[in-house]
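Spelled out, the chains give:
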Amino acid sequence: MALKFINKPSIYFIMGTENTGTRHPLTVLKEALEGGISHFQLREKGQFALTGDELKQFAKDCQQLCRAYGVPFIINDDVELAEEINADGIHIGQEDEEAAAVRKRLGPDKILGVSVHSVQEAAEAVGAGADYVGMGPVFPTYTKSDAKKPAGLVGILSVKSTYPNLPVIGIGGITPENAENVWAAGAEGVAVISSIAQAEDVAHQVKLFSHSYKKGA
Ligand code: 3NM
């Protein structure tokens, strides 16, 4: 499995237990995998976030599902947990452990993603050995309470013009309706929480994201 590579069009689903409302998160993840997501990131946040053994078990359950579908399993922030259960990768923000230190801890084979909000931060992520950057928020988002002001497509366009070969994943408020613009700006992928996690028909919603990508975009 070519786990390291983020190819266009990547449909990168992010979820934690707080994102699926009354539905069981593992059911939602299974449906998203059925629909054809290319990457999954476990991002466990919020007041009722799982911790300790419960989090570890939930992470292992997600990992097992992802393995069954050949989809890379990436953990947000928690490098220790990622190491412990041998996740395929880790995604970190600007406030988390230094990207270079994380790369050193994980070795060269794991996927390392870094959230960036400027060309400068993208440059630092590249220097630290990131495999891809998450650029956002592209559009207004209600999912992340401390999200920055939406950067629109300009952020993606400017990172891609400086680093054409660096995989960029757009994040924040992305829906099947506006995804076409994200592909057109040059992003390799769309990272999505609510539009997939809260869809009535999760697998169908993932397919709509795939259809939003037109060859040559
Ligand atoms: N990071 P939704 S925006 C987790 O800008 C996250 O770095 C962001 O959720 C960033 O798809 C965001 O529901 C939330 O808008 C994305």
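Parameters and conventions
- Residues numbered from 1 in each chain as written.
- Predicted model: local features only at pLDDT ≥ 70, side-chain atom pairs only at ≥ 80, totals over all residues.
- Heavy atoms only, no water.
- Near = heavy atom within 4 Å.
- Polar contact = N/O pair within 3.5 Å; in protein donor to acceptor, adjacent residues only side chain to side chain.
- Areas by Shrake-Rupley, 256 points an atom, 1.4 Å probe, with all protein chains shown as cover.
- Nonpolar A, V, L, I, M, F, W, Y, C, P; charged D, E, K, R; others polar.
- Pairing = 2+ DSSP bridges.
- Helix = DSSP H or I, 4+ residues; strand = E, 2+ residues; numbered from the N terminus.
- Right-handed = clockwise from strand over helix to strand, strands pointing away.
- Core = buried A, V, L, I, M, F, W, Y, C linked by side-chain atoms within 4.5 Å.
- Buried < 20%, exposed > 50% of the residue type's maximum accessible area, 1.4 Å probe, protein only.
- Arc of directions from axis to C-beta.
- Contact = heavy atoms within 4.5 Å.
- Axes fitted to C-alpha atoms, helices over the stretch in contact; angles between N-to-C directions.
- Parallel < 35°, antiparallel > 145°, perpendicular 65-115°, else oblique.
- Left-handed = near helix turned anticlockwise from the far one by under 90°.
- Salt bridge = Lys/Arg side-chain N within 4 Å of Asp/Glu carboxyl O.

A. Focus on the site of the ligand. Contacts to the ligand come from 13 residues, most closely from Pro 137, Thr 141, Thr 143, Gly 173 and Ser 194. Between the ligand and the protein, one listed contact pairs an oxygen atom with a side-chain N or O atom of Ser 194 at 2.5 Å. When the ligand sits alone it has 430 Å² of accessible area, and the protein chains cover 96% of it. Considered class by class, the residues forming the shell around the ligand number four nonpolar, seven polar and two charged.

B. Looking closely at the pairing of strand E7 (residues 168-171). One ladder, built from three bridges, connects strand E6 (residues 132-135) with E7; its direction is parallel. Residue pairing across strands places Met 135 opposite Gly 170, the latter belonging to E7. Assessed by its sense of winding, the connection that carries the chain from E6 through helix H6 (residues 154-162) to E7 is right-handed. Relative to strand E8 (residues 189-192), E7 runs parallel, the two being bridged by three bridges.

C. Expanded view of the nonpolar core. Among the nonpolar cores identified, the biggest contains 60 residues, and Phe 13, Leu 29, Phe 40 and Phe 73 are the most heavily contacted of them. Membership of the second largest hydrophobic core comes to nine residues, among which are Ile 6, Ile 14, Ala 191 and Ile 193.

D. Up close: helix H4 (residues 99-106). Of all the residues in H4, the buried ones are Ala 99, Val 102, Arg 103 and Leu 106. Mapping the buried residues of H4 onto a view down its axis gives an arc of 100 degrees, with all of them on the same face. Buried residues belonging to H4 abut helix H3 (79-85), strand E4 (89-92), strand E5 (111-116) and helix H5 (119-128). Where H4 ends, the next residue or the one after it, Gly 107, has phi of about 80 degrees, a positive value.

E. Spotlight on the pairing of E4. Along E4, one buried face is formed by Gly 89 and His 91 and the opposite face, lined by Ile 90 and Ile 92, is buried too. In the sheet, strand E3 (residues 73-76) pairs with E4 via three bridges, with the strands oriented parallel. Note that in E4 the partner of Ile 75 across the bridge is Ile 90. Following the chain from E3 across H3 to the adjacent parallel E4, one finds a crossover that is right-handed. Considered for its hand, the β-α-β crossover made up of E4, H4 and E5 is right-handed.

F. Summary view of the sheet that holds E5. Pairing in this closed barrel of eight strands is parallel, and the strands run E1-E2-E3-E4-E5-E6-E7-E8 around the ring. Averaged over all pairs of adjacent strands, the angle between their axes in this sheet comes to 25 degrees, without regard to strand direction. Sheet topology places E4 next to E5; four bridges connect them, and they run parallel. Looking at E5, one finds that Gly 89 is bridged to Ile 111. In the packing of helix H1 (residues 25-35) onto the sheet, contacts are made with strand E1 (10-15) and strand E2 (39-42), and the angle to E1 comes to roughly 180 degrees.

G. Representation of the packing of H1 against helix H9 (residues 202-212) within the structure. Where H1 contacts H9, the two axes come as close as 7 Å, and the packing angle between them is 40 degrees. Classified by the angle between their axes, H1 and H9 sit oblique to one another. Like other packed secondary-structure pairs, H1 and H9 cross with a definite hand, here right-handed. Touching Val 28, Glu 31, Ala 32, Glu 34 and Gly 35 of H1 are Val 202, Ala 203, Val 206 and Lys 207, all from H9.

H. Representation of the environment of Ala 128 in the model. Residue position: Ala 128 is located in helix H5. Under the relative-accessibility criterion, Ala 128 is labelled buried at 12%. Expressed as a C-alpha distance, the spacing of Ala 128 and Arg 23, which sit 105 residues apart in the sequence, is 38 Å. Excluding residues within four positions of it along the chain, Ala 128 makes contact with Ala 99, Ala 100, Arg 103 and Leu 112.

I. Region of interest: the pattern of salt bridges. Summed over the entire model, instances satisfying the criterion amount to nine salt bridges. A salt bridge links Asp 131 to Arg 103, with the shortest nitrogen-to-oxygen separation between them at 2.8 Å. Of this pair, Asp 131 sits in the loop between H5 and E6 while Arg 103 sits in helix H4; the two residues are 28 residues apart in sequence, bridging distant segments of the chain. Among the residues examined, Asp 131 registers a relative accessible area of 16% and is labelled buried. Among the charged side chains, a network of salt bridges with common partners joins Glu 83, Glu 97 and Arg 105.

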